[in-house]
Amino acid sequence: MTENAYPGLPSPPPLGASALPPGTYEGHTVLVTGGGSGLGKAIATEFARLGADLVIVGRTADRLKAAQEELGALGGRVTASVCDIRDPERIAEVFDAAPVLPDVLVNNAAANFPVPAEDMSPNAWRAVVDITLTGTWFMTREFGRRHLAAGTPGSVINVGASYAWTGGPGFAHSAAAKAGVKNLVETLAVEWAPYGIQVNGLVPGLFPHADLPEAIRGNLERTDDDKASRQPALRVGQARELGWAATFLASPYARFVSGHTMVVDGANWQRRNVVNAPVVPVREQLGRGPYGQ
Ligand SMILES: CCC/C=C/C(=O)SCCNC(=O)CCNC(=O)[C@H](O)C(C)(C)COP(=O)([O-])OP(=O)([O-])OC[C@H]1O[C@@H](n2cnc3c(N)ncnc32)[C@H](O)[C@@H]1OP(=O)([O-])[O-]
Ligand SMILES: NC(=O)C1=CN([C@@H]2O[C@H](COP(=O)(O)OP(=O)(O)OC[C@H]3O[C@@H](n4cnc5c(N)ncnc54)[C@H](OP(=O)(O)O)[C@@H]3O)[C@@H](O)[C@H]2O)C=CC1
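All of these numbers come straight from a predicted model, not from anything done at the bench. (Residues numbered from 1 in each chain as written. Chains lettered and ligands numbered in written order. Predicted model: local features only at pLDDT ≥ 70, side-chain atom pairs only at ≥ 80, totals over all residues. Heavy atoms only, no water.)

Draft legend 1. A look at the overall build of the protein. Counting its secondary structure elements, the protein contains nine helices and seven strands. The globule rule puts the C-alpha radius of gyration for 293 residues at 19 Å, and the 19 Å found for the protein is close to it. Along the first, second and third principal axes, the C-alpha atoms of the protein reach 55 × 45 × 40 Å. Each of the 293 residues in the protein was classed as buried or not, and the buried ones make up 46%. Long-range contacts, defined here as pairs at least 24 residues apart, represent 76% of the contacts in the protein between residues at least 6 apart. (Helix = DSSP H or I, 4+ residues; strand = E, 2+ residues; numbered from the N terminus. Rg over C-alpha atoms; globule rule 2.2 N^0.38 Å. Buried < 20%, exposed > 50% of the residue type's maximum accessible area, 1.4 Å probe, protein only. Contact = heavy atoms within 4.5 Å.)

Draft legend 2. Molecular detail of the site of ligand 1. In the neighbourhood of ligand 1, 14 residues make up the surrounding shell, with Arg59, Arg86, Asn112, Ser121 and Asn123 lying closest. Measuring from an oxygen atom of ligand 1, one finds a backbone N or O atom of Asn112 at 2.8 Å. Between Asn123 and ligand 1, the recorded distance is 3.0 Å, taken from a side-chain N or O atom to an oxygen atom. Residues that form the shell around ligand 1 fall into these classes: nine nonpolar, three polar and two charged. (Near = heavy atom within 4 Å. Polar contact = N/O pair within 3.5 Å; in protein donor to acceptor, adjacent residues only side chain to side chain. Nonpolar A, V, L, I, M, F, W, Y, C, P; charged D, E, K, R; others polar.)

Draft legend 3. Layout of the pairing of strand β1 (residues 29-33). Counting buried positions over the five residues of β1 gives five, a clear majority of the element. The side-chain alternation of β1 yields two buried faces, one formed by Thr29, Leu31 and Thr33 and the other by Val30 and Val32.

Draft legend 4. Layout of the site of ligand 2. Near ligand 2 there are 27 residues, and of these Ser37, Arg59, Thr60, Asn108 and His209 occur at the shortest range. In this structure, Asn108 approaches ligand 2 through a main-chain N or O atom, which is 2.7 Å from an oxygen atom. Between ligand 2 and Gly205, the relevant distance is 3.3 Å, taken from an oxygen atom to a main-chain nitrogen or oxygen of the residue. Within the complex, the protein chains bury 89% of what would otherwise be the 890 Å² of accessible surface of ligand 2. When grouped by side-chain class, the residues that make up the shell around ligand 2 number twelve nonpolar, nine polar and six charged. (Areas by Shrake-Rupley, 256 points an atom, 1.4 Å probe, with all protein chains shown as cover.)

Draft legend 5. Expanded view of the sheet that holds strand β6 (residues 197-204). Here we have seven strands laid out as an open sheet, ordered β3-β2-β1-β4-β5-β6-β7, and parallel in their pairing. Every interior strand has two partners, whereas the edge strands, β3 (78-82) and β7 (261-264), have only one. Averaged over neighbouring strand pairs, the angle between their axes works out to 15° when direction is ignored. Two elements, β6 and β7, share four bridges in a ladder whose sense is parallel. Each residue of the ladder has a partner; that of Leu202, found in β7, is Met262. (Pairing = 2+ DSSP bridges. Axes fitted to C-alpha atoms, helices over the stretch in contact; angles between N-to-C directions.)

Draft legend 6. Fine view of the UniProt feature "domain: Ketoreductase" (unreviewed entry) in the protein. Using the residue numbers shown here, the UniProt feature "domain: Ketoreductase" (unreviewed entry) corresponds to residues 28-184. The span residues 28-184 is 51% helix and 17% strand, and its two end C-alpha atoms sit 24 Å from each other. (UniProt positions renumbered as here; feature names shortened; annotations may be inferred.)

Draft legend 7. Up close: helix α8 (residues 239-249). A large share of α8 lies buried, amounting to nine of its eleven residues. Within α8, burial applies to Arg240, Glu241, Leu242, Gly243, Trp244, Ala245, Ala246, Thr247 and Leu249. Those residues of α8 that are buried lie in contact with α1 (38-49), β5 (154-159), β6 and β7.

Here it is in structure tokens:
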């Protein structure tokens, strides 16, 4: 495909830059689920650059250990805890074992793979909804209860997806779960504001990276042979751009922002064409034959 003639949205400042004052998060601890890889690690990185201590959570010990070393090199204390966020008892143990009660919870871990709705097994539905929605709720519940008991303020950021508003053909499970995640933001922001707890959402657009599972990476490659030109911004997101948004939302400069979901996607989710593109059924887009054959 030929290069686009338009400039698109400008590139962000380089990795290592920050809009917030140095030390904004000194003395604060940030727990990031899925902080051992991909966007979770990028978010954790930006908090660490601003002085935060971290707790990172995921299912895979090796992945967490590698991230712990990488993030630890930024100067703060990094605790790595193996935990499946579907398990509320294990979540309680992770909070018990953390050096302090984290001030910020970033619910970043999620599960997803493309599948035509009619092909989805009950377990496939459960795996995605249990991790993405129920796991997010279990983490948030533990965080909220402990802050209420301690009488301390806190900030929750739920990482979402724009198909929470639009629906997500080919991702019925994930889209339904992310809609629930966005709705939780709105409910809990009201319930917990009196106790000093902010709850916000943060939605990445297209942020390809090497840690994505094969099913998602393969899907992006199949449908996006030229990722940049298929978006209004004419480029994809840089992981640090999501990290910067997260550090702003949980910062002292956003104390009156709660119940809001911020979309960082170069306006891709608002996109409509003057002339509609031809409709291609999901199973055809995914290269599957007719249902039942
Ligand atoms: C696109 C841009 C937006 C991106 C948004 C993102 O979220 S990106 C972030 C993306 N990051 C991640 O997703 C990271 C985490 N994701 C994961 O670890 C896996 O995707 C997981 C959720 C399947 C693992 O959960 P687990 O260990 O509990 O699962 P398990 O292995 O036991 O399988 C459970 C059921 O699912 C079935 N099934 C599985 N794959 C497929 C498939 N491709 N097709 C159909 N079905 C599939 C499997 O067959 C089984 O059903 P069965 O046979 O019993 O009826
Ligand atoms: N990348 C993108 O373009 C987009 C991403 N998003 C959202 O951004 C967030 C991060 O995605 P991304 O970094 O790309 O995805 P990754 O697959 O790279 O990361 C997911 C992380 O979550 C962890 N995780 C998954 N399941 C569980 C579980 N049951 N318990 C604990 N940890 C778990 C994984 O670790 P482990 O497997 O070791 O448990 C991994 O570290 C997600 O919420 C995703 O939905 C939304 C739109 C687009």
